[in-house]
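Architecture at a glance
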Amino acid sequence: MSSRLQDEYIKKESMYGAQNYSPLSVVLSRGEGVYLWDVDGNKYLDMVSAYSAVSHGHSHPELIKTIKDQSEKLAITSRAFYTEPYADFLELLTKLSGFESVLTMNTGAEAVETAIKAARRWGYFSKGISKDKAEIIVADGNFHGRTTTIVGFSSEESYKKGFGPFANGFVTAKFCWSGCNLTESIKSFANKINKNTCAILVEPIQGEAGIRVPDKGWLKELRKLCDKENILLILDEIQSGLGRTGKLFAFQHEDIIPDGLILGKALGGAMMPISAFLSSKEIMNHFNSGSHGSTFGGNPLASKIATRALQLLYQDFLIENSNNLGSYFKESLQAIDNKIIKEVRGMGLWIGMELNESKINAKDLCLLLLNEGLLCKETHKTVIRFAPPLMITKNEIDWAIKKITKVISSIE
Ligand SMILES: Cc1ncc(COP(=O)(O)O)c(C=O)c1O
């Protein structure tokens, strides 16, 4: 919904900012619950949720109060000192997750780097892998962030072009989704294992790749393989965790427990960046003083917000809502009978709609939805993600479905 005011901001951002994103042409100024408003006062329903970071809704009043109270008291200390909010946060997160120990960072990529370091130290000091030989197996189509180490093991050329040289120690196996041969995928992981393998690192559902849900049993088979070969299973639940798939963690759908878990995004209650690596003490205790850290990691402000955000997952029934309304939303989208749609897939309130490329590309469809007051984002050329805040209501979903149906039928 272009206007002179919006054009001005878009021009300014383009003139002075790096062009490492291609945002939809709308300039936002306010958010409340599932809604966002642009600088001209137009209202939109948010189906992006900052790539699944806004599970609690925009400007949650309890989280605003928390950020206000805590920032007036104590915001940043570094971990040169102990603080009450950090200790309380660690206690709650370990209780809720069942993991013994937590190491807190800020962004998702930093928590993935932490997991890599933890896996390597465990490999050298617990498993006895020779110095500098440790290997981690990842899945094709992965997305774990944007550091040079992480993009180095991405299979997406655009993420890595011109950024080499990359770190050694990563090998890629075959992810399993959409009718894949599960045995073949597990075999592909098994074939990459050698005496230097310390971990398998995967997303339980690949978000950035287009909400690719693995075939049932895949994680369970990976767990068995890791147990058999004495290697760690580390899950990146930065996007899938904290209720997004309808359970606290996506691994709970498969009834397994990983050795390491990576969280981020929604942990900060849509207020602050905070991420974490969780594991047993046996793994975590390989970090000693001076071996890893972050100036802002575990700061009292983010810790207090994350503590409140974890409590609100239950107080606001966000996990149940994601489970119940996620199924309803997915089934309603699957019921839209139109050749433009190739497949609708997902879990909880995290749904990917794959389009027939010959009909329309995903970015153009997002632009049409924007004109109807629905903010959506494509991933790659053919998939639109629907990931609303987890406090969305059935009425709001019905409204969105009406708009999506209207836009899609207008194309045919
Ligand atoms: C699965 C996964 N891992 C890691 C990241 C990186 O997180 P951040 O952008 O906070 O570094 C993302 C972000 O989209 C993600 O989806």
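As a reminder, the structure under discussion sits directly above these lines.
Residues numbered from 1 in each chain as written. Predicted model: local features only at pLDDT ≥ 70, side-chain atom pairs only at ≥ 80, totals over all residues.

Topic: the sheet that holds strand β12 (residues 351-355)
Our working definition: At least two DSSP bridges between two strands are required for those strands to pair. A run of H or I in DSSP becomes a helix once it reaches four residues, and a run of E becomes a strand once it reaches two; helices and strands are each numbered from the N terminus. What counts as an axis is a line fitted to C-alpha atoms, over the stretch in contact for a helix, and the angles between N-to-C directions run from 0 to 180 degrees.
Spatially, β11-β12-β15-β14 is the arrangement adopted by the four strands of the open sheet, whose pairing is antiparallel. The sheet is open, and its two borders are formed by β11 (341-346) and β14 (377-379), each paired with just one other strand. Each neighbouring strand pair of the sheet contributes to a mean axis angle of 30°, computed without reference to strand direction. Two strands pair when backbone bridges link them, and β12 and strand β15 (residues 383-386) are joined in this way by four bridges, in the antiparallel orientation.

Regarding the sheet that holds strand β9 (residues 260-263)
Here is the rule: Contact between two residues is assigned whenever their backbone-derived C-beta positions fall within 7 Å.
Taking strand neighbours across the sheet as the criterion, the seven strands line up as β4-β10-β9-β8-β7-β5-β6 in an open arrangement whose pairing is mixed. For this open sheet the edge positions go to β4 (101-105) and β6 (170-173), each flanked by a neighbour on one side alone. Pairs of neighbouring strands in the sheet enclose a mean axial angle of 20°, with direction left out of account. The pairing of β9 with strand β10 (residues 275-279) spans four bridges and is classified as antiparallel. Its bridge partner lying in β10, Leu261 is registered against Leu278. The strands that helix α5 (residues 108-127) touches are β4, β5 (135-139), β7 (197-202), β8 (232-236), β9 and β10; relative to β10, the one it contacts most, it runs at about 25°.

Considering the environment of Glu72
Threshold: Neighbour density around each residue's C-beta defines its exposure: 20 or more other C-beta atoms within 10 Å make it buried, 12 or fewer make it exposed, and counts between make it partly exposed, where C-beta atoms are placed from the backbone.
Relative to the helices and strands, Glu72 is located in helix α3 (residues 61-73). Overall, Glu72 belongs to the exposed group, with 8 C-beta atoms counted inside 10 Å. Once the C-alpha coordinates of Glu72 and Phe329 are considered, the two residues, 257 residues apart in sequence, prove to be 41 Å apart.

Comments concerning the site of the ligand
The condition is simple: As a rule, any residue with its backbone-derived C-beta atom within 6 Å of a molecule or strand is reported as near that molecule or strand. Residue type decides the class: Asp, Glu, Lys and Arg count as charged, Ala, Val, Leu, Ile, Met, Phe, Trp, Tyr, Cys and Pro as nonpolar, and the leftover types, Gly among them, as polar.
What surrounds the ligand is a group of 15 residues, the closest being Thr107, Gly108, Ala109, Gly145 and Gln239. Tallied by class, residues from the shell around the ligand come to five nonpolar, seven polar and three charged.

Brief notes about helix α9 (residues 218-229)
Using the following cut-off: Take the residue count of a helix, subtract one, and multiply by 1.5 Å to get its expected span. Each direction from the helix axis to a C-beta atom contributes to the arc, which is the arc of those directions.
Helix length check: α9, at twelve residues, gives a terminal C-alpha distance of 17 Å against a target of 16 Å (1.5 Å per residue), a fit within 8%. Those residues of α9 that sit buried are Trp218, Leu219, Glu221, Leu222 and Cys226. Each buried residue of α9 sits inside an arc of 160° when the element is viewed along its axis, so together they form one side. For α9, the exposed residues set more than 90 degrees away from the buried face come down to Asp227 and Lys228. Summarising the contacts, the buried residues of α9 are in contact with α8 (182-192), β7 and β8. Once α9 finishes, Asn230 follows within two positions and takes phi at roughly 55°, a positive value.

Overview of the pairing of strand β2 (residues 35-38)
The alternating pattern of β2 places Leu36 and Asp38 on a buried face, while none of Tyr35 and Trp37, on the opposite face, is buried. Taken together, the four bridges between strand β1 (residues 28-32) and β2 define a ladder with antiparallel strand orientation. The residue of β2 that forms the bridge with Gly31 is Leu36. From the end of β1 to the start of β2, which pair antiparallel, there are two residues, and Gly33 there has a positive phi angle of about 60°. Bridge count for β2 against strand β3 (residues 43-46) is three bridges, and the pairing is antiparallel. Bridging from a neighbouring strand, Trp37 pairs with Lys43 of β3. The loop that links β2 with its antiparallel partner β3 comprises four residues; one of these, Gly41, has a positive phi angle of about 90°.

Details of the nonpolar core
As a reminder, the rule being used: Any set of buried Ala, Val, Leu, Ile, Met, Phe, Trp, Tyr and Cys residues joined through C-beta atoms within 7 Å is what this text calls a nonpolar core.
Formed by 115 residues in total, the largest nonpolar core has its most connected members in Ala115, Ala119, Ile200, Ile234, Ile262 and Ala276. Residues within four places of Ala119 in sequence aside, it is in contact with Ile136, Cys198, Ala199, Leu232, Ile234 and Gly260.

Digging into unusual backbone geometry
Omega for the bond connecting Gly164 with Pro165 falls within 30 degrees of zero, at 5°, which places this linkage in the cis form. Positionally, Pro165 belongs in the loop between α7 (157-160) and β6. The backbone of Ser49 shows a phi angle near 55°, a positive value even though the residue is not glycine. The phi dihedral of Phe317 is positive, around 55°, even though this residue is not glycine. Note that Phe317 resides in the loop between α11 (300-315) and α12 (318-334).

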